[in-house]
Amino acid sequence: MKVSVQAVAVWGKIAPSHSITAIMITDDQQTIVTGSQEGQICLWDLSSELKISSKEILFGHTASVTCLAKAREFEKQPCVVSATENGEMCVWNVSNGQCIGNAKLPYRHTAICYYHCSFRMTGEGWLLCCGEYQDVLIIDAKTLDVIHTLSSSQSPDWINCMCIVHSARIQEDSLVAVSVAGVLQVWDLSSSLNSIQERQSVCEKESKSLDFINCQAVRFCTYTERLLLVVSSTCWQVYDYCDFSLLCTEFCKSGQCFAGGEVLAAYRLIIWTEDGHSYIYQLLNSGLSKSMYPADGKVLRETVYPHLLCFTTVKENKSLPFVMGFMNERKEPFYKVLYSGEASGRITLWHVPDVPVSTCDGSPKEIPITSTQTLQDNFDKHPSMSEDIFDHLCAPEDRGAVVSSSVYIPSLNKLVCGYENGKIVVTVGLKAARARLLENIPLLKDNLPYKVLNGHSSRVTYLLYPHDKSVRFDPSWLLSGGQDSVVICWDVFTGDILHQFSLQSGPVTELLRFPENYRLKDHSIVCCVCSDHSVAILHLQRRVSLLHARKHLSPVKKIKLDPVENLLIVGCEDDSVYIWEVETGTLERHETGETAKAILASIEDSEYFVSDAPLPVSPESKRNRNAGYKHFSSYKHGVIAYNLTHTEKPSDKLTDVSNEQPFTILPVNTKWNNANFHILLFDLEKLEELLLSSQLNGLKSSNSFHSLETLERAKSTIEKRVLTIKRNKTAGSIAPVDGQVDSVCSNQVCKDSNAAKPLEESAGMKRQKKMKSSRKTRMQTSGNIDMNITTDTAKLFLSCLLPWGADKEIEHLCVRHLNISSLRCPVSFGLVSNETHLSLMLPGWKCTDCDVMEEQAAINLFSKRVLDLANKYLAATEGQNGKKDRPENDVYGLKELETVSFLISRIALINRLINMPSSVTGEIESPQKLESIHDKWRNIEAITPSFPSLYEELPSSKSKYHSSDFGSSSLLKLICCWSEQSIKISEAMQAVLLAEVQRTMNTLRKTEVYREPLAIENGNGY
């Protein structure tokens, strides 16, 4: 996905499943980070009163998260690193949710320690990793490349746990680790820095065999610099770090297993168990010698014994696994916090007293729970933000129904949603999004055209519109699969059932089609996969099932149909291959081992059946970096993973779902709990291009924001792009904005409006003897784009981005002169980073800015610093704007579309500036090198992919559209400063929008007489 694509999440009632497998609290004590079995990372705000609220959810991993750790010095850059079961590693900036680095290595990490010695090392530091491999890996924290290995000369083995020992007294650092066999090993980091950098062998300096295995944690007491805590599943022990002599042993109770521990203070420990309990001990001198026989030559020494002071417990979900940790911060507010994460997704915090004491009678005292929270709790607290996109369309008896499957048809601007009760709703996508997000548009809700398709008896599990990705299929065909093991082919225009395939198998899990470039004589074949691992080949034109293969023992991974030999080749997750004869339906061969691998290797990825719906994040079952991506509805490990497409290329990392339309809707379904939500995608580059082209097609005026020279200069660029798009048959010409466009989308909207105002149901099954493709109802997907839709898309994006309530007068002027509507509730913006990673704001993100809401009643203000950023932007561009970018005539001639186009272009440019590569931003600080940026600017697609001719002018430019302030060093330096401060892109865009709206509307505010602004006739009635 291009960085120009902006995402807005429309959540449903049910929160995404988040089974916590790793948890940590950042050094600044303001953020809780959790990793899940689903592969998602969740960021939670932690207030000074230890209140928890969800903030963001990060997508990008394709397997379960195994561990989390900090990846930078938090004072410089607040970053954490996450690792997964399949070897993926990602570095996330927890301030803005951006993925700033990712890699995939052939290692499964179970623990990571960040190490950086400022006066001995350069760079960002190291990540010391251990896991299901020998010894300890040293990985560069910035590049995620393996630098070196800490090896063992005595007993090389997997490492279970480790910790970094920093001695403030002697200023030396060491790494202490315990292997799976129970061998404790110590590496000297300080003296090994040169050896590591020179790639010389580094071995342990000490080792000791312990009396137990399955070690869970090892911790060093920084208060005494003498004690070493080692926790195993059956007991915990305390050693003297000087000679590793045993000082204390405590066994766990029957039925419990220790899971970890931490040092609270000098001679005070906290130990926790797998079932969520914890115990705080005070170590007391026993007065006994460690040796019963001093004559054997051992040194006499006093030992310690534990005294239980306090404990914590959980009363619910005791059977679920817990992951726990402890934060003992020596900065304000000096909290000692025990935290846990459960497989149910619940986070629990306990505030541990500075001086834990037992009760008066000496028995241990229970520490109460301070706070607890789940994602679902936040969704329930903010019902307006978690309202489904179709809630206002459902009949009262269906309001509780949950969307179980969705598909968006960009060429028709249709959103199709299947429900758990078997119903399917079809409506206009953009209008549905506006009705869900915007306020004061009751007429739009009441007159929103939609159809209800009845045919399934139970939950709709999958939807497919095959023509959208392959012109071989009839444009009227819509396929749906259900839990009732039925596949129905619908006429998407009339709502009639064309045919029903009864498979008499398990629930349908996926519907697949052949890739567009695959040569197949018959173009009407799709593949259906069911939950019992069976595969059916369906011929849509002939209305028959060609084959139903049922004998697969494991989940299906790859499927290929050989039209020459008339064979179906099915590859399964257990690396076995089944070869079926399509004509007879018999199993010809079943291969395993090397033969099966050779068969799969001989088939090109482009020959496999593929899923229809692309997504902004990689699929759950991507096997390696060279694999393609699958539908997010299969985001369940070990279920279905068979739509591998092409070998990885920069353009293949993430399918661009919005290369034709400026607006699209991305349905996302997580099968762990069938939670479904939608992501609205706005392509700023496409919007900017279409809005500018509308002025080239009859909207040139003397008071235009853009001079004729600039518009003509941009026209050549657009025409070249359109010719290329036409040649690729992916899009057509750009329609003018004169209201005479014969747009397919607008025609379909009008057709639906006349067809159905209230509920329109297809009663019963309307079977047709022949599947006819009526030219009257067939959609001609030529790629023509209705400019009314483009204008509505731009206004919807501005409505989502504007901080409503921050300035009431400005808000009134925006509604009046720009014809945009205010929001019903705060929106959840997203951030696309590294092409395959996406972060989305969660319901409840507004809780941290309650004081701003009270003071200014701002509904959609992303943070308190947006107002300050807007003022800085105004200061940086002051004196360089003005008449150049304003209409040359009086303000009464201000045109609505010109203003919208101007604001979109400013936001798009700021987005490009923030996403500039470091090779460009590094030269901005030097005025002598600013001229050299001119050439780089032209060649960087990420900066100006749409309008290289518009933005090729930098400080020395005389461009009137892209005025000098956009290339000025003051603005560039300001944007670079924002990037260094980890300012969110959404916050930067909101600040720029607020500043430009204030600057534009201030002219209107100063006038004494207001007139109605000139408005473009809008068929959609925005």
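Residues numbered from 1 in each chain as written. Predicted model: local features only at pLDDT ≥ 70, side-chain atom pairs only at ≥ 80, totals over all residues. Heavy atoms only, no water.

Sorry, what's going on with the overall build of the protein here?
On a plain count of helices and strands, the protein comes out with 18 helices and 51 strands. Considering only residue pairs separated by 6 or more positions, the protein has 60% of its internal contacts joining residues 24 or more positions apart. Here the protein has roughly 39300 Å² of accessible surface; of this, 49% comes from carbon and sulfur atoms. (Helix = DSSP H or I, 4+ residues; strand = E, 2+ residues; numbered from the N terminus. Contact = heavy atoms within 4.5 Å. Areas by Shrake-Rupley, 256 points an atom, 1.4 Å probe, with all protein chains shown as cover.)

Quick question: what am I supposed to make of the nonpolar core here?
Across soluble globular proteins, nonpolar side chains have a tendency to be buried as a group. Core analysis: the biggest nonpolar cluster contains 81 residues, and Phe-663, Leu-680, Leu-796, Phe-829 and Trp-978 have the highest contact counts within it. It is helix 13 (residues 896-914) that contributes the most residues to this core, 11 residues altogether. Non-local contacts of Trp-978, meaning those with residues more than four positions away in its chain, are made with Leu-869, Tyr-873, Ile-983, Ala-988 and Val-992. Core analysis: the next-biggest nonpolar cluster, separate from the first, contains 33 residues, Ala-7, Ala-9, Val-337 and Val-668 among them. (Core = buried A, V, L, I, M, F, W, Y, C linked by side-chain atoms within 4.5 Å. Buried < 20%, exposed > 50% of the residue type's maximum accessible area, 1.4 Å probe, protein only.)

What should I look at first to understand the packing of helix 9 (residues 787-801) against helix 13 in this one?
Describing two packed helices takes the angle between their axes plus the distance from one axis to the other. Their axes nearest at 10 Å, the elements helix 9 and helix 13 cross at an angle of 60°. The orientation of helix 9 with respect to helix 13, classified from their angle, is oblique. The element helix 9 and its partner helix 13 pack so that their crossing is left-handed. Across the interface between the two elements, Thr-791, Ala-794, Lys-795, Phe-797, Leu-798 and Leu-801 from helix 9 touch Glu-896, Leu-897, Val-900, Leu-903, Ile-904 and Ile-907 from helix 13. Looking at the contact of helix 9 with helix 13 residue by residue, the classes come out as 9 nonpolar, 1 polar and 2 charged. (Axes fitted to C-alpha atoms, helices over the stretch in contact; angles between N-to-C directions. Parallel < 35°, antiparallel > 145°, perpendicular 65-115°, else oblique. Left-handed = near helix turned anticlockwise from the far one by under 90°. Nonpolar A, V, L, I, M, F, W, Y, C, P; charged D, E, K, R; others polar.)

Sorry if this is basic, but what is going on with the sheet that holds strand 39 (residues 497-502) here?
Read from one edge to the other, the open sheet built from 4 strands follows the order 36-37-38-39, with strand pairing classed as antiparallel. The strands lining the two open edges of the sheet, one partner per strand, are strand 36 (460-464) and strand 39. Across the sheet, the mean angle from the axis of one strand to that of its neighbour is 20°, orientation sign disregarded. (Pairing = 2+ DSSP bridges.)

What is the right way to look at the pattern of salt bridges in this model?
Pairing is possible between side chains that carry opposite charge, provided their charged atoms lie close to one another. Using the criterion set out here, one finds 20 salt bridges in the structure. One salt bridge connects Glu-73 with Lys-70, and the closest N-O pair in it is separated by 3.9 Å. Residue class for Lys-70 comes out partly exposed when judged on its relative accessible area of 22%. For Arg-219, the salt bridge goes to Glu-262, with nearest N and O atoms at 3.1 Å. In this pair, Arg-219 is assigned in strand 19 (residues 215-220) and Glu-262 in strand 23 (residues 258-265), connecting sequence segments 43 residues apart. Residue class for Arg-219 comes out partly exposed when judged on its relative accessible area of 26%. Within the structure, one salt-bridge network assembled from shared partners comprises Asp-27, Lys-70 and Glu-73. (Salt bridge = Lys/Arg side-chain N within 4 Å of Asp/Glu carboxyl O.)

Would you mind showing me how to read the packing of aromatic side chains here?
This model, assessed by the stated rule, comprises 13 aromatic pairs. The structure contains a cluster of three or more aromatic residues connected by ring pairs, namely Tyr-408, Phe-663, Phe-682, Phe-797, Phe-829 and Phe-862. (Phe/Tyr/Trp six-rings, centres within 6.5 Å; stacked < 30°, edge-to-face > 60°.)

Can you help me understand unusual backbone geometry in this one?
A negative phi angle is the norm for most residues apart from glycine, just as the trans form is the norm for most peptide bonds. We note that Leu-50 has phi near 65°; this positive angle belongs to a residue other than glycine. Mapping Leu-50 onto the fold places it in the loop between strand 4 (41-46) and strand 5 (52-59). In this structure Leu-50 comes out as buried when scored by relative accessible area, which is 3%. One non-glycine residue with positive phi stands out, namely Glu-225, at about 55°. Examined against the element boundaries, Glu-225 turns out to sit in the loop between strand 19 and strand 20 (227-232).

What is the right way to read the sheet that holds strand 16 (residues 183-188) from this model?
Adjacent strands of a sheet pair through backbone hydrogen bonds, lying either parallel or antiparallel. In space, the 4 strands of this open sheet follow the order 14-15-16-18, with antiparallel pairing throughout. The two strands at the open ends of the sheet, each matched to only one other strand, are strand 14 (159-167) and strand 18 (206-209). Here the average twist between neighbouring strands, direction ignored, is 15°. In this structure, strand 16 lies alongside strand 18, joined through 4 bridges in antiparallel fashion.

Hey, could you run me through helix 9 in this one?
Because each turn of an α-helix spans 3.6 residues, side chains separated by three or four positions in sequence point in the same direction. Spanning 15 residues, helix 9 covers 21 Å between terminal C-alpha atoms, matching the ideal 21 Å at 1.5 Å per step. Most of helix 9 is tucked away, with 15 of its 15 residues classed as buried. (Expected span 1.5 Å × (residues − 1).)

Is there a simple way to explain the confidence of the model for the protein in this structure?
For any part of a model where pLDDT is low, the fine detail of the predicted coordinates should not be relied upon. Per-residue confidence for the protein averages 75 on the pLDDT scale, and 70% of its residues sit at or above 70. In the model, residues 881-894 has pLDDT below 50 throughout and makes 41 contacts with residues more than four positions away in sequence or in other chains. (pLDDT = per-residue confidence, 0-100.)

It is not clear to me how the environment of Cys-79 should be interpreted in this structure. Could you clarify?
Mapped onto the secondary structure, Cys-79 falls in strand 7 (residues 79-84). Classification of Cys-79 by relative accessible area gives buried; the value is 0%. Counting along the chain gives 14 residues from Cys-79 to Asn-93, while the straight-line C-alpha distance between them is 4.4 Å. Setting aside its immediate chain neighbours within four residues, Cys-79 contacts Lys-70, Ala-71, Arg-72, Phe-74, Val-91, Trp-92, Asn-93 and Ile-100.

Explanation requested: the pairing of strand 22 (residues 245-251) in the structure shown.
Within a regular beta strand, the side chains point alternately toward one face of the sheet and then the other, so they alternate between its two faces. Bridge count between strand 21 (residues 235-240) and strand 22: 6 bridges; the pairing is antiparallel. If you follow Cys-235 over to strand 22, its bridge partner there is Phe-251. As consecutive antiparallel partners, strand 21 and strand 22 are separated by 4 residues, and within that stretch Phe-244 has a phi angle of approximately 60°, a positive value.

What's the story with the environment of Gly-123 in this structure? I'm lost.
Mapping Gly-123 onto the fold places it in the loop between strand 10 (109-115) and strand 11 (126-131). When the C-alpha atoms of Gly-123 and Ala-141 are compared, they prove to be 8.4 Å apart, with 18 residues separating the residues in sequence.

What exactly am I supposed to notice about the packing of helix 13 against helix 17 (residues 969-980) here?
For the pair helix 13 and helix 17, the least separation of the axes is 9 Å and the interaxial angle reads 60°. Classified by chirality, the crossing of helix 17 by helix 13 is right-handed. Counted together, Ile-910, Leu-913 and Ile-914 of helix 13 and Leu-971, Leu-972, Ile-975 and Ser-979 of helix 17 form the full contact between these two elements. Per-class residue counts for the contact of helix 13 with helix 17 are 6 nonpolar, 1 polar and no charged.

In this structure, what is going on with the side chain of His-116? I would like to understand it.
The residue His-116 is located in the loop between strand 10 and strand 11 in this model. Every residue in contact with His-116, bar those within four places of it in the chain, is listed here: Glu-73, Met-121, Gly-123, Glu-124 and Gly-125.

What should I look at first to understand the environment of Leu-229 in this one?
Inspection of the secondary structure puts Leu-229 in strand 20. A sequence separation of 33 residues divides Leu-229 from Glu-262, and the C-alpha atoms of the two residues are 7.7 Å apart. Once you skip the residues sitting within four places of it in the chain, Leu-229 turns out to touch Ala-217, Val-218, Arg-219, Trp-236, Gln-237, Val-238, Gly-261, Glu-262, Leu-269 and Ile-271.

Can you help me understand the pairing of strand 19 in this one?
Where strand 19 lies against strand 20, 5 bridges are found, and the strand directions are antiparallel. Bridging across to strand 20, Cys-215 finds its partner in Ser-232. Between the antiparallel neighbours strand 19 and strand 20 lie 6 residues, among them Glu-225 with a positive phi of about 55°.

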